[in-house]
Amino acid sequence: QVQLVESGGGSVQTGGSLKLSCTASMLRFNAYGMGWFRQVPGKEREFVAGISRSGGSTTYADSVKGRFTISRDNTKNTLYLQMENLNPEDTAVYFCAGSVFASPSYPASQYKYWGQGTQVTVSS
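Residues numbered from 1 in each chain as written. Predicted model: local features only at pLDDT ≥ 70, side-chain atom pairs only at ≥ 80, totals over all residues. Heavy atoms only, no water.

Enquirer: Please explain the pairing of strand 5 (residues 46-51) as it appears in this structure.
Expert: Consecutive side chains along a regular strand alternate between the two faces of the sheet. Across the six residues that make up strand 5, a large majority, five, are buried. Judged from the five bridges that link them, strand 4 (residues 33-39) and strand 5 form a sheet pairing that is antiparallel. Opposite tryptophan 36, over in strand 5, you have alanine 49 as the bridge partner. Linking strand 4 back to strand 5 in an antiparallel pair, the connection comprises six residues, with glycine 42 at a positive phi of about 85 degrees. Linking strand 5 to strand 6 (residues 58-60), which pair antiparallel, is a turn of six residues; within it glycine 55 sits at a positive phi near 90 degrees. (Buried < 20%, exposed > 50% of the residue type's maximum accessible area, 1.4 Å probe, protein only. Helix = DSSP H or I, 4+ residues; strand = E, 2+ residues; numbered from the N terminus. Pairing = 2+ DSSP bridges.)

Enquirer: Can you help me understand the pattern of salt bridges in this one?
Expert: Close approach of charged atoms allows side chains with opposite charge to pair. One pass over the structure, following the stated rule, counts four salt bridges. A salt bridge links aspartate 62 to lysine 65; its shortest N-O distance comes to 3.2 Å. Across the pair, lysine 65 and aspartate 62 agree in class, each one exposed. In this structure, arginine 67 and aspartate 90 form a salt bridge, with 2.8 Å as the shortest nitrogen-oxygen distance. Here aspartate 90 lies in the loop between strand 8 (78-83) and strand 9 (92-99) and arginine 67 lies in the loop between strand 6 and strand 7 (68-73), a separation of 23 residues in the sequence. Neither arginine 67 nor aspartate 90 differs from the other in exposure class; each is buried. Here the salt bridges share partners, and the residues they tie into one network are Arg38, Glu46, Arg67 and Asp90. (Salt bridge = Lys/Arg side-chain N within 4 Å of Asp/Glu carboxyl O.)

Enquirer: How should I be thinking about the sheet that holds strand 8 in this particular structure?
Expert: Adjacent strands of a sheet form backbone hydrogen bonds with each other and so pair up, either parallel or antiparallel. One open sheet holds the four strands; their spatial order is 1-3-8-7, and the pairing between them is antiparallel. A strand with exactly one partner marks an edge of an open sheet, and here the two such strands are strand 1 (4-7) and strand 7. Averaged over all pairs of adjacent strands, the angle between their axes in this sheet comes to 15 degrees, without regard to strand direction. Relative to strand 3 (residues 18-24), strand 1 runs antiparallel, the two sharing four bridges. (Axes fitted to C-alpha atoms, helices over the stretch in contact; angles between N-to-C directions.)

Enquirer: Please clarify how the nonpolar core should be interpreted in this entry.
Expert: Side chains of a nonpolar character, in soluble globular proteins, are inclined to be buried together. Ranked by internal contacts, the top residues of the largest apolar core, which has 34 residues, are Trp36, Leu79, Leu81, Met83 and Tyr94. When contributions to this core are tallied by element, the ones reaching two or more residues are strand 3, strand 4, strand 5, strand 7, strand 8, strand 9, strand 10 (111-114) and strand 11 (118-123). Excluding anything up to four places from it in sequence, leucine 79 contacts Leu20, Ser21, Cys22, Phe29, Met34, Gly35, Trp36, Ile51, Ile70, Ser71, Arg72 and Cys96. (Core = buried A, V, L, I, M, F, W, Y, C linked by side-chain atoms within 4.5 Å. Contact = heavy atoms within 4.5 Å.)

Enquirer: I'm lost on unusual backbone geometry in this one. Help?
Expert: Most of the time, phi is negative for any residue but glycine, and the peptide bond is trans. Even without being a glycine, asparagine 77 presents a positive backbone phi close to 50 degrees. Looking at the secondary structure, you find asparagine 77 in the loop between strand 7 and strand 8. One non-glycine residue, asparagine 85, lies in positive phi territory at about 50 degrees. Examined against the element boundaries, asparagine 85 turns out to sit in the loop between strand 8 and strand 9.

Enquirer: How should I be thinking about the environment of leucine 86 in this particular structure?
Expert: Take leucine 86: it is sitting in the loop between strand 8 and strand 9. Classification of leucine 86 by relative accessible area gives buried; the value is 0%. Separated by 48 residues in sequence, leucine 86 and arginine 38 place their C-alpha atoms 14 Å apart. If sequence neighbours within four positions are ignored, leucine 86 has contacts with Val12, Gln13, Thr14, Gly15, Gly16, Ser17, Leu18, Arg67, Phe68 and Val122.

Put into structure tokens, the structure is as follows:
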């Protein structure tokens, strides 16, 4: 059974940084494209970033491009999201997700496995 566990969320002020991690239990982590999504109450889950199986290809939502960096360490079964220059609009629960697609992108339907989420709160 695949499990994804996020960590690294917390509260920061505008302009601050956070690094999220997602540890995966799947035996062949490098067989899955991975992604980060976020959600605020009352809104749909929003794509943040995606990364290919090897890590060589990444894609970002326009709202985070240039501020967030997705990466992965296949030797540690871990996905990361480095977030810089945070603003209150980034406040959300952040989820990592696993996909059987080689290079998944924004549709949530491309992702089969989901973590429980970690809260990120940015205050002004």
